[in-house]
Amino acid sequence: MDQLISPTEGFVPTHGGKPTKKRYIGAMVFVDHYLDYTYIHSMTKMDAESTVEAKLAFEWQAKSFGITVYSTLTCSRKTLQGKI
């Protein structure tokens, strides 16, 4: 699990109505080396709440494939176990 910050803000797509002023400014990258699976969660804010949201989205995505995530290892070797 790692975060990246983009030097160029990206548009957030809308499917109707007025365009939004929100912009993507970064992403969370989750890599499962055993399964050779990468999940990227685009983010409009780089704060703790958005980070937890990204982690939960990754766990939900994994669960939809029948995989249970028991812990997450960050790039700084810290382990995040269970629910945050």
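That block above? That's the structure.
The present account deals with the structure reproduced in this document. Model, not experiment: these values are computed from the prediction.

### Quick look at the pattern of salt bridges
Then, in step 1: The tally for this structure, following the rule as stated, stands at one salt bridge.
Then, in step 2: The salt bridge partner of Lys55 is Glu59, with a shortest N-O separation of 2.4 Å. Here Lys55 and its partner Glu59 are both found in helix 1 (residues 48-64), four residues apart, which amounts to about one turn of the helix. Each member of the pair, Lys55 as well as Glu59, carries the same accessibility label: buried.

### A few points about unusual backbone geometry
Then, in step 1: The phi angle at Asp36 is positive, at roughly 55°, despite the residue not being glycine.
Then, in step 2: On the secondary structure map, Asp36 appears in the loop between strand 2 (23-32) and strand 3 (37-43).
Then, in step 3: Of the residues examined, Asp36 reaches a relative accessible area of 74% and is grouped as exposed.

### Here's the deal with the nonpolar core
Nonpolar side chains in soluble globular proteins generally cluster together in the buried interior.
Then, in step 1: Among the nonpolar cores identified, the biggest contains eight residues, and these are Met1, Met28, Phe30, Tyr39, Met43, Ala54, Ala57 and Phe58.
Then, in step 2: Those elements that place two or more of their residues in this core are strand 2, strand 3 and helix 1.
Then, in step 3: With three residues, the single largest contributor to this core is helix 1.
Then, in step 4: Excluding anything up to four places from it in sequence, Ala57 contacts Tyr39 and His41.

### Points about the sheet that holds strand 2
The pairing of strands in a sheet happens through backbone hydrogen bonds and is either parallel or antiparallel.
Then, in step 1: Pairing is antiparallel across the open sheet formed by three strands, whose spatial order is 1-2-3. Here the strands that pair on one side only, and so sit at the sheet edges, are strand 1 (2-11) and strand 3. Strand-to-strand twist across the sheet, computed as the mean angle between neighbouring axes with direction ignored, equals 25°.
Then, in step 2: Two elements, strand 1 and strand 2, share six bridges in a ladder whose sense is antiparallel. In the strand pairing of strand 2, Leu4 is matched with Ala27.
Then, in step 3: Relative to the sheet, helix 1 contacts strand 1, strand 2 and strand 3, its axis offset from that of strand 3 by approximately 145°.

### Structural notes on the pairing of strand 3
A regular strand places its side chains so that they alternate between the two faces of the sheet.
Then, in step 1: Here strand 2 runs beside strand 3; their pairing, made up of seven bridges, is antiparallel. Within strand 3, the position partnered with Phe30 by the bridge is Tyr39.
Then, in step 2: The turn linking strand 2 back onto strand 3 is made up of four residues, and Asp36 within it adopts a positive phi angle of 55°.

### Section: the layout of surface pockets
Then, in step 1: Of the pockets and cavities examined, the largest pocket occupies roughly 400 Å³.
Then, in step 2: For the largest pocket, the lining is made up of 18 residues, of which Met1, Phe30, Val31, Asp32 and His33 are closest to its centre.
Then, in step 3: Elements represented by at least two residues in the lining of the largest pocket include exactly strand 2, helix 1 and strand 4 (71-73).
Then, in step 4: Considering each element in turn, the lining of the largest pocket owes the most residues, four residues, to strand 2.
Then, in step 5: In the lining of the largest pocket, the residues fall into 12 nonpolar, three polar and three charged.

Cut-offs applied
- Residues numbered from 1 in each chain as written.
- Predicted model: local features only at pLDDT ≥ 70, side-chain atom pairs only at ≥ 80, totals over all residues.
- Heavy atoms only, no water.
- Salt bridge = Lys/Arg side-chain N within 4 Å of Asp/Glu carboxyl O.
- Helix = DSSP H or I, 4+ residues; strand = E, 2+ residues; numbered from the N terminus.
- Buried < 20%, exposed > 50% of the residue type's maximum accessible area, 1.4 Å probe, protein only.
- Core = buried A, V, L, I, M, F, W, Y, C linked by side-chain atoms within 4.5 Å.
- Contact = heavy atoms within 4.5 Å.
- Pairing = 2+ DSSP bridges.
- Axes fitted to C-alpha atoms, helices over the stretch in contact; angles between N-to-C directions.
- 1 Å grid on protein atoms, 1.4 Å probe; cavity = no way out; pocket = protein on both sides within 12 Å on 5 of 7 lines; lining within 4 Å.
- Points joined across faces, edges and corners; volume = space filled by probe spheres on them.
- Nonpolar A, V, L, I, M, F, W, Y, C, P; charged D, E, K, R; others polar.

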